[in-house]
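A closer look at the structure
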Amino acid sequence: MPTRILLEGRPGAGKTTALRRLAALLPTHAATGFTTEEIRQSGARVGFALETLAGRREVLAHVDLPGPPLVGKYGVDLGVMEGLALPSLRPAATEEATGRLVLIDELGRMELACTAFRHAVGALFVAEVDVVATVHTHRDPFTDALKRRADIEVVQLTPANRDVLPEELAARLQQPRTHGRPPSHG
């Protein structure tokens, strides 16, 4: 059975840092997906950038974007979700990618404003791929449903465990599977 983990933490707990560290600890090209990062000007947060693990980066949300949708004071560019985020997830959901790992930062309101993204995430969580995604602690119908599933492990990320958790997850994800997947020959 694939590993399916939601890293749940409060804002500022280090979810993005932990996911980036996990990606860095894995063999090159072992994972697909994306991370998000705050955009700051003069010390104030003005938006968020989305960066694929392959290094493509664009502004996802910004105070100067008009929306829709609007999430708080940020206009969200759904084209970034469709042009960067979705392609970074799709290769892992294909038959050839069985056993791949998808890292998603994060399943938040800005990202989930994209219907196609919600559908792609739903498909990933039933595919034969490993998934590690970050989520906020706040309530949301989409993430609450994922958190209740028996096949998904919710791991609390805190300032106390954020430095050791990436190493623990990397070791776990690199262990050979003992069931459910035949050895590859080629």
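To start, this report covers the structure provided alongside it.

1. Structural notes on the overall build of the protein
When helices and strands are tallied, the protein shows six helices and nine strands. Sequence-distant contacts in the protein: of pairs separated by 6 or more residues, those separated by 24 or more amount to 64%. Carbon and sulfur atoms provide 53% of the accessible area of the protein, an area that totals close to 9600 Å².

2. Concerning the pairing of strand S1 (residues 4-9)
Of all six residues in S1, six are buried, a share of seventy percent or more. On S1, burial covers both faces: Arg4, Leu6 and Glu8 on one face and Ile5, Leu7 and Gly9 on the other are all buried. Where S1 lies against strand S8 (residues 130-136), six bridges are found, and the strand directions are parallel. The residue of S8 that forms the bridge with Leu6 is Ala133. Pairing analysis gives four bridges linking S1 to strand S9 (residues 153-156), with the strands arranged parallel. Counterpart to Ile5 in the pairing with S9 is Glu153.

3. Side note on unusual backbone geometry
Omega for the peptide link from Gly67 to Pro68 comes to -10°, which places this bond in the cis form. In this fold, Pro68 is placed in the loop between strand S4 (57-62) and strand S5 (70-71). Phi angles above zero are rare outside glycine, and Ser42 is one such case at about 50°. Here Ser42 shows up in the loop between strand S2 (31-41) and strand S3 (44-52). Ser42 sits in the exposed class, given a relative accessible area of 85%.

4. A look at the packing of aromatic side chains
The tally for this structure, following the rule as stated, stands at two aromatic pairs. Centroid distance Phe48 to Tyr74: 5.4 Å. Interplanar angle 75°. Geometry classified as edge-to-face. Residue Phe48 is found in strand S3, and its partner Tyr74 is found in strand S6 (residues 74-76); the two are separated by 26 residues along the sequence. Grouping residues by exposure puts Phe48 and Tyr74 together as buried.

5. Here we look at the layout of surface pockets
Taken as a whole, the largest pocket encloses approximately 630 Å³ of empty space. Taken together, the elements giving at least two residues each to the lining of the largest pocket come down to helix H1 (15-25), S2, S3 and helix H3 (109-112). Per-class residue counts for the lining of the largest pocket are six nonpolar, nine polar and nine charged. The calculated volume of the second largest pocket comes to roughly 300 Å³. For the lining of the second largest pocket, the secondary structure elements donating two or more residues are S2 and helix H2 (78-89). Here the residues of the lining of the second largest pocket sort into ten nonpolar, six polar and two charged.

Procedures and definitions
Residues numbered from 1 in each chain as written. Predicted model: local features only at pLDDT ≥ 70, side-chain atom pairs only at ≥ 80, totals over all residues. Heavy atoms only, no water. Helix = DSSP H or I, 4+ residues; strand = E, 2+ residues; numbered from the N terminus. Contact = heavy atoms within 4.5 Å. Areas by Shrake-Rupley, 256 points an atom, 1.4 Å probe, with all protein chains shown as cover. Buried < 20%, exposed > 50% of the residue type's maximum accessible area, 1.4 Å probe, protein only. Pairing = 2+ DSSP bridges. Phe/Tyr/Trp six-rings, centres within 6.5 Å; stacked < 30°, edge-to-face > 60°. 1 Å grid on protein atoms, 1.4 Å probe; cavity = no way out; pocket = protein on both sides within 12 Å on 5 of 7 lines; lining within 4 Å. Points joined across faces, edges and corners; volume = space filled by probe spheres on them. Nonpolar A, V, L, I, M, F, W, Y, C, P; charged D, E, K, R; others polar.

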